[in-house]
Amino acid sequence: MKRVITYGTFDVLHYGHINLLKRAKALGDYLIVVLSSDEFNQIKNKKSYYTYEQRKMILEACRYVDLVVPEYTWEQKIDDVKKYQADVFVMGDDWQGKFDFLKDFCEVVYLSRTPDVCSTQTKQYLNDKKLRKVKNI
Ligand code: C2G
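This one's a predicted model, so the numbers in the text were calculated from it and none came from an experiment. (Residues numbered from 1 in each chain as written. Predicted model: local features only at pLDDT ≥ 70, side-chain atom pairs only at ≥ 80, totals over all residues. Heavy atoms only, no water.)

(A) Spotlight on the overall build of the protein chain. Check the secondary structure of the protein chain and you find five helices and five strands. The order of helices and strands in the protein chain, counted from the N terminus, is β-α-β-α-α-β-α-β-β-α. A globule of 137 residues ought to have a C-alpha radius of gyration of about 14 Å, and the protein chain, at 16 Å, matches this closely. On the principal axes, the C-alpha backbone points of the protein chain span a range of 55 × 30 × 25 Å. Taking all 137 residues of the protein chain together, 45% fall into the buried category. The long-range fraction of contacts in the protein chain, counting pairs at least 24 apart against all pairs at least 6 apart in sequence, stands at 65%. Element-wise, carbon and sulfur atoms account for 53% of the exposed surface of the protein chain, whose accessible area totals about 8300 Å². Each charge sign in the protein chain was given a centre, from 23 positive and 19 negative side chains, and these centres are 8 Å apart. (Helix = DSSP H or I, 4+ residues; strand = E, 2+ residues; numbered from the N terminus. Rg over C-alpha atoms; globule rule 2.2 N^0.38 Å. Buried < 20%, exposed > 50% of the residue type's maximum accessible area, 1.4 Å probe, protein only. Contact = heavy atoms within 4.5 Å. Areas by Shrake-Rupley, 256 points an atom, 1.4 Å probe, with all protein chains shown as cover. Lys, Arg positive; Asp, Glu negative; His and termini not counted. Charge placed at Lys NZ, Arg CZ, Asp CG, Glu CD.)

Here it is, written out as structure tokens:
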């Protein structure tokens, strides 16, 4: 069984995330998503709309995802690759080259990022919409 591992916040899950997860799963038989905890999001300067538990529940409902575990630090990847016996590490190419140190432990694949969609943009749109509703404009 070929095991694939990937990382992220996956807040307000959208088709760009699904496109990544689908292609990552296609590289093996089992996909592990290491999901940023709420505390780690603060380290990443990201404020997610959904909590870790909510984001975990949503990801676990995704047909491409087999296991969701927490990401607490930048430094846990080598241990994770060993612990989960990952054969392939996958990230979007906005991270191109950043995780090449993992090549000593597994295959490293950067997949093209889906253009024109991101959680931040979606959240901004929803907040603006809510604001317009409140101001009745
Ligand atoms: N992604 C994508 N296309 C988008 C948005 C995101 O392919 N339009 C990919 C990213 O490249 C990443 C994954 O989806 O591989 C998750 O994206 P984020 O939730 O933004 O994750 P990020 O904040 O990049 O966290 O230790 C690594 C970090 O936890 C990565």
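(B) Focus on the site of the ligand. Taken together, 21 residues sit near the ligand, with Lys46, Glu71, Lys77, Asp94 and Val117 positioned nearest. The separation between an oxygen atom of the ligand and a polar side-chain atom of glutamate 71 is 2.5 Å. Here an oxygen atom of the ligand sits 2.8 Å away from a polar atom, N or O, in the side chain of tryptophan 95. When the ligand sits alone it has 630 Å² of accessible area, and the protein chains cover 96% of it. Breaking the shell around the ligand down by element, the ones donating at least two residues are strand S1 (3–8), helix H1 (15–25) and strand S4 (88–92). Looking at which element gives the most residues to the shell around the ligand, the answer is H1, with three residues. Each residue belonging to the shell around the ligand can be placed in one class, and the counts come to seven nonpolar, eight polar and six charged. (Near = heavy atom within 4 Å. Polar contact = N/O pair within 3.5 Å; in protein donor to acceptor, adjacent residues only side chain to side chain. Nonpolar A, V, L, I, M, F, W, Y, C, P; charged D, E, K, R; others polar.)

(C) Local environment of helix H3 (residues 52–60). Looking at H3, one finds that the buried residues are Tyr52, Arg55, Lys56 and Leu59. Looking down the long axis of H3, one finds its buried residues gathered within 105° of arc, a one-sided arrangement. For H3, the exposed residues set more than 90 degrees away from the buried face come down to Glu53 and Met57. For H3, the secondary structure elements touched by its buried residues are H1, strand S2 (30–36), helix H2 (38–43) and strand S3 (67–71). (Arc of directions from axis to C-beta.)

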